[in-house]
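Letter by letter, the chains look like this.
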Amino acid sequence: MKNKNGVILFSTVLALISIYYLSFTFVANKFRKDAEAFATDSKGQVDFSKKQRYIDSLWRTEVYLGQTLQQVMERELGLGLDLQGGMQVVLEVSPKDVVAGMAGGNARSSDFQKALKKAAEDKKSSQSSFVSLFAKAYKEISPNTNLASVFANSANRDKVNSNSSDSEVIRMLEAEVDGAVDRAYKIIQARVDKFGVTNPNMQRLPNSNRIMVELPGADNPERVRRLLSGSAKLEFTAVYTLNEVAPALDQLAAYMAAEARLKTPAPGVTADTTKKKGGSLEDQLALKDDSASPDSSALAAQSAALTNLFIPTPQGLAVYIKDTARASELLSRHEVRTMFPSDLVFMWDRKETPANNGQALLSLHFIKKPNGQAPLEGDVIVDANSDYDDRGRPEVTMRMNGEGARKWRTLTADNINRPVAIILDGQVYTAPNVNGEIPNGVSSISGSFTVEETKDMANVLKAGKLPAPTYIVEEAIVGSTLGEEAIQSGIWSSIVGLILVLAFMVTYYSKAGWIANLALMINLFFLMGIMASLGSVLTLSGIAGIVLTIGMSVDANVLIYEGIKAELEEGKTFRQAVADGFKGALTAIIDSNITTLLTGIILFVFGSGLILGFATTLIIGLITSLFTAIFISKLLLDYQVEKGNKLQFYSNLTKGWFKDTQFDFVSQRNRFYVVAAIVTAIGIGSFIFKGFSLGIDFNGGRAYVVRFDKTVSAENVRHTLSSALGKDASLEVKTYGGFDQVKITTDYLADADTPEADKEAADNVSDAVAKVPGNKGVVVSSSKVGPTVAYDMMINAIWAVFLALAVNFIYIFFRFRDLAFGYAAIISLAHDVFVLLAIFSLFHGWLPFSLDIDQAFIGSVLTIMGYSMNDTIVIFDRIRNYLKDPKSRNESIPTIINNALNKTLSRTAVTGITTILVLVILMIFGGAVLRGFTFAMLIGVIVGTYSSLFIAAPIVVDALQRSNKKKAEAVALQPEAAVAGSAPSPRKKK
């Protein structure tokens, strides 16, 4: 191996990186176990608040390699919602409200309202933006009215005027909607940080007005809905200075010192004395020395008690992040609140600041709120922008409406040379000093800001300008119990699948199988390490991806081993056979894996939820599989060569398997075409007369998984629910994952986006299933998809399938330079998809698991397309080699292709068997969530293998024969053309 040292060095570095990042997972789990042990009482009951306090106490403490517990938990290989429970929410910023807000008073006109309503209806079945749909609807309703006359008002004077064209107005509205989404993202991000969950995930979904939020471990769906979908609250108010609250802080210091004395009595003060004089904190505060004023030691004790928790800063007081929970609890006590002015509210700054000792501080602000209300709120903001002051420093400019300008003038006049706080959702965003009265509502906020900070601040200030609430258009809730069961099923499926594959490889390849197995284990180690280093989250579908990677990763080793076996059969030395076997297999390995990788990337781009987790694992697994097969396996085999060992690539059981097979695949191709035609006819009939069962991903609606105390009848559940939800609600109840569990799908309140509607639907379903006669049910998970989201998902799925077909066609044409191979591959893939659709249509309702057409089904379709293309590419590669081989020059096309198919038969069989093994295990142990997904892939592997042998290859035979026939006819005509060209042409009569 030429680059042996480089491969060893790279592998070592990758191994060390993997160990480093995976170690955080083990450390985080250790602290969780310690917290649980700390919070468990003698009866084995866990106090979760006590457990959280244990973790909070160490949150900002360095616990491992100079990293705090927070950093350790952020770097661990996190678990997805389906493995630990929690909630996923997709929020949509309402463009309808943004557009209405931009129109001001004109939004009340009947034409405007009609256009808004029509655009909202059209959006349910269109991927065009809401703004473009509104503009089109408004022009249809009021064709003689320019959009500028509707949107040119004082609030928008810097953006459009009465002479602006419709296209300019549309661009302005699109920019405002996009800005509203950015503002919502920042506001929601600040709210998510308050949930206290580990590894929250939040992202803006591309090409949409939607934001996805994942909160692992969140166990209060109602609170999540309320906080995430509520309108942002922006406030402006005065701030008490440190001097003004100094007397109250002195009382607080005495209070804290007395509390410390109560916990730790001074020398000479016995517990009996304390009890005699009064043991309460109030009694301790009442105790006085004989002197008229406290002595220096008492003052020092008071000061120490205060500064042990509160850190003085130039701006006021701050608290170490790890102590904020303790400080908040102290300041919320009634006796502490009475020390401060009645209109004072304690608020934390939104931004951490570093301390000299390297720890992070959070500033405490003393906010003045007369009668509990801020004198000015964010609805008065007309516009805000990031700009630069006259000295080139980043600043924020903001403009208020008339009412806001009057109140702002009063507020600034009363607070000259004092700070005024800008508060968003209960956190102080900034508290700039007022330099003078601001009479016209136009202000600038400057300081030591970065450009990014001023942009963020401008977005926050604009958040109060337009009523652009966020609506929950999709959500999924997974109970912690279901998550624990998913972990068990995922672990078992992985272990059993891995053991079966390892055993099969040793059985089939004998000692060489151990090398392949070692490469496979290294592959899994690198896969988990890279996932951890990238901050990936492990989901149940990700475990499915790992299990499938186990099955498919042996494919490269099988190609190599079959190549080495062929070289050994030709009489070459072991050293030469290893070198030539690797060289001969390299093209097929790269081509087959690239096509699967391309399909995985399409899955990653178009998928979400279950599919996204699967695609992430599949992509990383393919890359690590390629590396370990090409380099690690070669390294291990070269080591055997250097030691003088000669390995056998078969066992006594498998020695003669697939050797010198002479199956005639090609001559029976017309029969295979007839079989395909019959299946097509049956499928079309099923599509017409039976149709499909669309999941809520594509149909919209709500779904609930309900577990009962004992075996339950789906019909009894449906009857109970129909009376609770009403006759108008569509309802489907299926057994799901066991006879004591059902999945309920309904369109009940599916169009309602409010948290109240979500709560009403959840409560009604929960109450109904709890009243099933003699069998109480509990909702263990739920999900919701709005109609607009469902339509977008369906369109994206269709695009993903067609894009996968196009990408694979282009790649095959680029690699094989012959349209015959491209056409054959695409027809074969289309055959696989069609057969899968036919089976899901025919057997829906007959099998004891879901056969819904949803995102999971599309993910399985694309995965099978990748697998089938992998198989087809290997066969095509061998066909290409045989066509170029001088030995095959005198053989017919059918004979050449038959030889190629027989030569690849062992590889096709071994890869198919290993993949089928792990998929069967996944179906048995993987749980109900993945059963339909796994069934689709299992059928797809079988159908894909069949189509590679009996559809794709025969089509190539026919195409190449037609091409050769045309070339022969052209050659046959050439002499006649030459003679005709040499004869004199007849002259025309004059």
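Residues numbered from 1 in each chain as written. Predicted model: local features only at pLDDT ≥ 70, side-chain atom pairs only at ≥ 80, totals over all residues. Heavy atoms only, no water.

This part covers the overall build of the protein chain. Per the secondary structure count, the protein chain includes 33 helices and 23 strands. Counting across all 990 residues of the protein chain, residues that qualify as buried make up 50%. For the protein chain, the share of sequence-separated contacts (at least 6 apart) that also reach a separation of at least 24 residues comes to 74%. Just so you have it, the protein chain exposes about 47,200 Å², and 56% of that area is on carbon and sulfur atoms. (Helix = DSSP H or I, 4+ residues; strand = E, 2+ residues; numbered from the N terminus. Buried < 20%, exposed > 50% of the residue type's maximum accessible area, 1.4 Å probe, protein only. Contact = heavy atoms within 4.5 Å. Areas by Shrake-Rupley, 256 points an atom, 1.4 Å probe, with all protein chains shown as cover.)

Bringing the pattern of salt bridges into the picture now. Evaluated as defined, the whole model comprises 21 salt bridges. A salt bridge links Arg-32 to Glu-76, with the nearest nitrogen and oxygen atoms 2.4 Å apart. Remark: Glu-76 occurs in the loop between helix H3 (69–75) and strand S3 (78–79) and Arg-32 occurs in helix H1 (residues 4–39); sequence separation between them is 44 residues. Given the relative accessible area of 23%, Arg-32 is considered partly exposed. For the salt bridge of Glu-562 with Lys-565, the shortest nitrogen-to-oxygen distance reads 3.6 Å. Taken as a pair, Glu-562 and Lys-565 lie in helix H21 (residues 540–569) at a separation of 3 residues, close to a single helical turn. Residue classification places Glu-562 among the buried positions, given a relative accessible area of 14%. Through salt bridges that share partners, Lys-118, Asp-122 and Glu-140 make up one connected network. (Salt bridge = Lys/Arg side-chain N within 4 Å of Asp/Glu carboxyl O.)

In space, the 8 strands of this open sheet follow the order S5-S6-S4-S18-S23-S20-S22-S21, with antiparallel pairing throughout. A strand with exactly one partner marks an edge of an open sheet, and here the two such strands are strand S5 (201–204) and strand S21 (731–735). With strand direction ignored, the average angle separating the axes of adjacent strands in the sheet is 20°. Where strand S4 (residues 86–93) meets strand S18 (residues 470–478), 8 bridges bridge the pair, whose relative direction is antiparallel. (Pairing = 2+ DSSP bridges. Axes fitted to C-alpha atoms, helices over the stretch in contact; angles between N-to-C directions.)

It is the contact of helix H6 (residues 110–123) with helix H7 (residues 130–141), at a shortest axis distance of 8 Å, that shows an interaxial angle of 130°. By the angle between their axes, H6 is oblique relative to H7. The element H6 and its partner H7 pack so that their crossing is right-handed. Every residue of H7 that contacts H6 at Asp-111, Phe-112, Lys-114, Ala-115, Leu-116, Lys-118, Ala-119, Ala-120, Asp-122 and Lys-123 is listed here: Phe-130, Leu-133, Phe-134, Ala-137, Tyr-138, Glu-140 and Ile-141. Split into classes, the residues belonging to the contact of H6 with H7 amount to 11 nonpolar, no polar and 6 charged. (Parallel < 35°, antiparallel > 145°, perpendicular 65-115°, else oblique. Left-handed = near helix turned anticlockwise from the far one by under 90°. Nonpolar A, V, L, I, M, F, W, Y, C, P; charged D, E, K, R; others polar.)

This paragraph deals with the sheet that holds strand S14 (residues 394–400). The 3 strands are arranged S13-S14-S17 in an open sheet whose pairing can be described as antiparallel. Both edges of this open sheet fall to strand S13 (381–388) and strand S17 (442–446), since each of them pairs with a single strand only. Between one strand axis and the next, the sheet turns by 20° as a mean value, whatever way the strands run. Of the pairings in the sheet, the one linking S13 to S14 comprises 7 bridges and is antiparallel in character. Counterpart to Tyr-388 in the pairing with S14 is Pro-394.

Let us now look at the side chain of Thr-746. In this fold, Thr-746 is placed in strand S22 (residues 741–746). Accessibility expressed as a relative area gives 4% for Thr-746, which makes it buried. Not counting residues up to four positions away in its chain, the partners in contact with Thr-746 are Gly-701, Arg-702, Tyr-704, Leu-725, Ala-729, Ser-730 and Leu-731.

Do not read the fine detail of predicted coordinates wherever pLDDT is low. Confidence in the prediction for the protein chain averages 78 pLDDT; 86% of positions are at 70 or higher. Here residues 268–293 is modelled with pLDDT under 50, and outside its nearest four sequence neighbours on either side it reaches 22 contacts, counting other chains as well. Here residues 977–990 is a poorly scored stretch, pLDDT under 50, and it has 0 contacts once near neighbours within four places are set aside; other chains count. (pLDDT = per-residue confidence, 0-100.)

Turning next to the nonpolar core. Ranked by internal contacts, the top residues of the largest apolar core, which has 74 residues, are Leu-862, Met-865, Phe-876, Ile-897 and Phe-935. Looking at this core, the element that brings in the most residues is helix H33 (residues 928–982), giving 18 residues. Look past the residues within four positions of Leu-862 in its chain and what remains in contact with it is Thr-599, Ile-602, Leu-603, Ala-800, Val-801 and Ala-804. Of all hydrophobic cores here, the second largest spans 45 residues; its members include Ala-588, Ile-620, Val-641 and Val-910. (Core = buried A, V, L, I, M, F, W, Y, C linked by side-chain atoms within 4.5 Å.)

Next up on the list: the side chain of Asp-832. Relative to the helices and strands, Asp-832 resides in helix H29 (residues 819–842). Look past the residues within four positions of Asp-832 in its chain and what remains in contact with it is Ser-868, Val-943, Gly-944 and Ser-947.

Moving on, we come to the packing of H1 against helix H20 (residues 511–533). Between H1 and H20, the least distance of the axes is 8 Å, while the angle of their chain directions is 60°. Put simply, H1 runs oblique to H20. H20 is crossed by H1, and the crossing has left-handed handedness. Within the contact between the two elements, H1 uses Ser-11, Leu-14, Ala-15, Ser-18, Ile-19, Tyr-21 and Leu-22 and H20 uses Phe-525, Phe-526, Met-528, Gly-529, Ile-530, Ala-532 and Ser-533. Taken together, the residues of the contact of H1 with H20 sort by class into 10 nonpolar, 4 polar and no charged.

A few words on H20. For H20, built from 23 residues, the straight-helix expectation of 33 Å at 1.5 Å per residue is met to within 8% by its first-to-last C-alpha distance of 34 Å. Phi turns positive one or two residues past the end of H20, at Gly-535, with a value near 75°. (Expected span 1.5 Å × (residues − 1).)

Here the focus is the packing of aromatic side chains. Any aromatic ring pair is given by two values, namely how distant the centres are and how the planes are angled relative to each other. Overall, the coordinates contain 27 aromatic pairs when judged by the stated rule. Each ring, one from Phe-38 and one from Tyr-54, has its centre 5.2 Å from the other, and the planes form 40°; the classification is tilted. Residue Phe-38 is located in helix H1, and its partner Tyr-54 is located in helix H2 (residues 48–58); the two are separated by 16 residues in the primary sequence. Ring-pair connections join several aromatic residues into one group, and the members of that group are Phe-10, Phe-525, Phe-526, Phe-627 and Phe-631. Above the plane of the ring of Phe-31 lies Lys-30, whose end atom (NZ or CZ) is 4.9 Å from the centre. The ring of Phe-582 is capped by Lys-634, whose NZ or CZ atom sits 5.5 Å from the centre of that ring. (Phe/Tyr/Trp six-rings, centres within 6.5 Å; stacked < 30°, edge-to-face > 60°. Lys NZ or Arg CZ within 6 Å of the ring centre and 35° of its normal.)

Attention shifts here to helix H5 (residues 95–103). Residues of H5 that are buried: Pro-95, Val-98, Val-99, Met-102 and Ala-103. Buried residues in H5, looked at end-on, bunch into an arc of 135°, giving them a common side. Backbone geometry just after H5 places Gly-104 at a positive phi near 60°. (Arc of directions from axis to C-beta.)

Okay, the environment of Ser-686 next. Relative to the helices and strands, Ser-686 is located in helix H24 (residues 669–689). Taking the C-alpha atoms as reference points, Ser-686 and Phe-843, 157 residues apart in sequence, are found 9.8 Å from one another. Not counting residues within four places of it along the chain, the set of residues in contact with Ser-686 comprises Gly-691, Ser-841 and Leu-842.

The next point concerns a nonpolar patch on the surface. Taken together, the side chains of Val-674, Ile-678, Ile-682, Leu-842, Phe-843 and Trp-846 present a nonpolar region at the surface, about 630 Å² in accessible area. The leading source of residues in the nonpolar patch is H24, at 3 residues. Relative to the assigned elements, Val-674 resides in helix H24. (Patch = residues over 30% accessible without salt bridge, like charges linked within 9 Å, V, L, I, M, F, W, Y side chains within 5 Å.)

Let us now look at the pairing of strand S23 (residues 777–785). With 5 bridges joining them, S18 and S23 adopt antiparallel strand pairing. Within S23, the residue paired with Glu-474 across the bridge is Val-785. Where strand S20 (residues 701–708) meets S23, 8 bridges bridge the pair, whose relative direction is antiparallel. Note on S23: the bridge partner recorded for Gly-701 is Val-785.

What follows concerns unusual backbone geometry. Even without being a glycine, Leu-65 presents a positive backbone phi close to 50°. You can see Leu-65 is positioned in the loop between strand S1 (62–64) and strand S2 (67–68). Positioned with a positive phi, Ser-510 is a non-glycine residue whose angle comes to about 60°. Secondary-structure assignment places Ser-510 in the loop between helix H19 (480–509) and H20. Looking at Ser-510, the relative accessible area reads 22%, which means it is partly exposed.

With that settled, the discussion passes to the environment of Ala-238. Structurally, the position occupied by Ala-238 is in strand S7 (residues 234–238). When its relative accessible area of 8% is taken as the criterion, Ala-238 is described as buried.

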